[in-house]
Amino acid sequence: MTRPSYQPGRHFLQLPGPTNTPLRVSEAIARPTIDHRGPEFQALGHEVLSRVRAMFKTEGPVIIYPSSGTGAWEAALVNALSPGDHILMYETGWFATLWSRLAARIGLVPELLPGDWRTPVDAAAIETRLREDRAHAIKAVCVVHNETSTGVTSDIASVRRAIDAAGHPALLMVDTVSSLAAADYRHDEWGADVAVCGSQKGLMLPPGLSFNAVSQKALRASESAGFVRSYWDWGEMLAFNRDGFFPYTPATNLLQGLKVAIDMLEEEGLDAVFARHERAGRATRAAVRHWGFEVQCIDASADSPVLTGVRMPEGHSADALRAAILERSNMSLGSGLGQLADKVFRIGHVGDFSDPATLGTIAAIEAAMRATGVPHRSGGTEAAIEVLAGEETPVPSTQAA
Ligand SMILES: Cc1ncc(COP(=O)(O)O)c(C=O)c1O
């Protein structure tokens, strides 16, 4: 089947980011660009810088960069650390691995505690490693809250407790790129020092903004941190932000969109947003297990509300199935990343979506599987309907821990 040049209906963007941008946000972004040094922008700057803190559940400053999430990864490291510093990371999957590679490339010494890409961060392993580090050579512990390559969410409060139990002064840095505004994240309560985020997932914006939420401890660390930095420098940014401005041209239109996205998330209520994601996750996993497939996450307490990683049956290509779904249904699903390439596909249930999107996604996957001969038990949509209708009957999991 070849893709026609026009496919009717909307494109189903069911990736775990970028996610669908709601019309209200798109309209705000489409408004005329304003003077980034004028009074209208100043009011917008004050408003978004103040209100975005509620998304991170922090009273501290949140820095906004015109960059993708990778920029905010780098910003967190270069502001709070010095070349040659040791940092402790945990291999939850592809994104944890990429962050550690970035750290090594800029001159840090990351130690990536090995993980199996199917379970969350092991806080006990972090505590053990920190206890061994009597000289306090490790300057930061860096973990990914929601590992987007696997669909596994880690317990950040347990990592904080591990650091405290070891009596270790390391900073706690948390990647919230795919969790923020989709899964509960509590920067202050959980004692995180730097949160890293991007605009294109739970915040429902197009790609292009990134964030660092920064604790007082991290700010103090930045005063003596030894990395040469300019574009990413928190100090310069905060000095301008105090007046509602930025040291360089900000992404004005995306900030207009951010204001509306925060309006929408607050209108729905963050707890309702989290519950909607969690419920869609349960419905999706019920369908996947009904088909007879394994979910990539094998720890039921760590199932992601943001995405479901689906393991293909042996001998079947995840990429071929995704290609068939794109061709037949004009729907994009996430690919398997790193060691999971072609073995796993990822169903995003994050951002601006409702039950019909969840059900449509599952039905289109099942139709493509039937059409292309991928062996499965039919009826996944019905299993999802049962969850969404509140009639969930426990589906035996082949792999739940
Ligand atoms: C958990 C996580 N961290 C970091 C990134 C990198 O962000 P970006 O692609 O916006 O640079 C991503 C991207 O998907 C991600 O999911």
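Residues numbered from 1 in each chain as written. Predicted model: local features only at pLDDT ≥ 70, side-chain atom pairs only at ≥ 80, totals over all residues. Heavy atoms only, no water.

(A) Representation of helix H12 (residues 355-372) within the structure. With 18 residues, H12 should reach 26 Å at 1.5 Å per residue; the first-to-last C-alpha distance of 26 Å fits that figure. Among the residues of H12, those classed as buried are Ala-357, Thr-358, Thr-361, Ile-362, Ala-364, Ile-365, Glu-366, Ala-368 and Met-369. Looking at the buried side of H12, the elements it contacts are strand S1 (12-14), helix H10 (270-291), helix H11 (318-329), strand S13 (331-335), strand S14 (344-348) and helix H13 (380-388). Following H12 by one or two positions, Gly-373 has its phi on the positive side, about 80°. (Helix = DSSP H or I, 4+ residues; strand = E, 2+ residues; numbered from the N terminus. Expected span 1.5 Å × (residues − 1). Buried < 20%, exposed > 50% of the residue type's maximum accessible area, 1.4 Å probe, protein only. Contact = heavy atoms within 4.5 Å.)

(B) Region of interest: the pattern of salt bridges. Evaluated as defined, the whole model comprises 21 salt bridges. Here Arg-186 ties to Asp-184 by a salt bridge, and the two come within 2.6 Å at their closest N and O atoms. With a shortest N-O distance of 3.2 Å, Arg-285 and Asp-303 are connected by a salt bridge. Taken together, the positions of Arg-285 in helix H10 and Asp-303 in the loop between strand S11 (294-295) and strand S12 (307-311) put the pair 18 residues apart, joining distant regions of the chain. Salt bridges linked by common partners bring Glu-47, Arg-51, Lys-259, Asp-263 and Glu-266 together as one network. (Salt bridge = Lys/Arg side-chain N within 4 Å of Asp/Glu carboxyl O.)

(C) Fine view of the pairing of strand S8 (residues 171-175). In terms of burial, S8 is a largely internal element, five of the five residues being buried. Side chains Leu-171, Met-173 and Asp-175 of S8 all project onto a buried face; the interleaved residues Leu-172 and Val-174 project onto the opposite face, where all are buried too. Bridge count for strand S5 (residues 138-144) against S8 is five bridges, and the pairing is parallel. Its bridge partner being in S8, Cys-142 is matched across the sheet by Met-173. By the bridge criterion, three bridges tie S8 to strand S9 (residues 194-198) in an arrangement that is parallel. Each residue of the ladder has a partner; that of Asp-175, found in S9, is Val-196. (Pairing = 2+ DSSP bridges.)

(D) Looking closely at the site of the ligand. Inspection of the region around the ligand gives Ser-68, Gly-69, Thr-70, Trp-73, Phe-95, Val-144, Asn-146, Thr-148, Asp-175, Val-177, Gln-200 and Lys-201 as its neighbouring residues. Within the side chain of Gln-200, a nitrogen or oxygen atom sits 2.8 Å from an oxygen atom of the ligand. With respect to the ligand, the side chain of Lys-201 contributes an N or O atom lying 2.7 Å from an oxygen atom. Protein contacts shield 86% of the accessible area of the ligand, which totals 390 Å² for the unbound molecule. Classifying every residue of the shell around the ligand by side-chain character gives four nonpolar, six polar and two charged. (Near = heavy atom within 4 Å. Polar contact = N/O pair within 3.5 Å; in protein donor to acceptor, adjacent residues only side chain to side chain. Areas by Shrake-Rupley, 256 points an atom, 1.4 Å probe, with all protein chains shown as cover. Nonpolar A, V, L, I, M, F, W, Y, C, P; charged D, E, K, R; others polar.)

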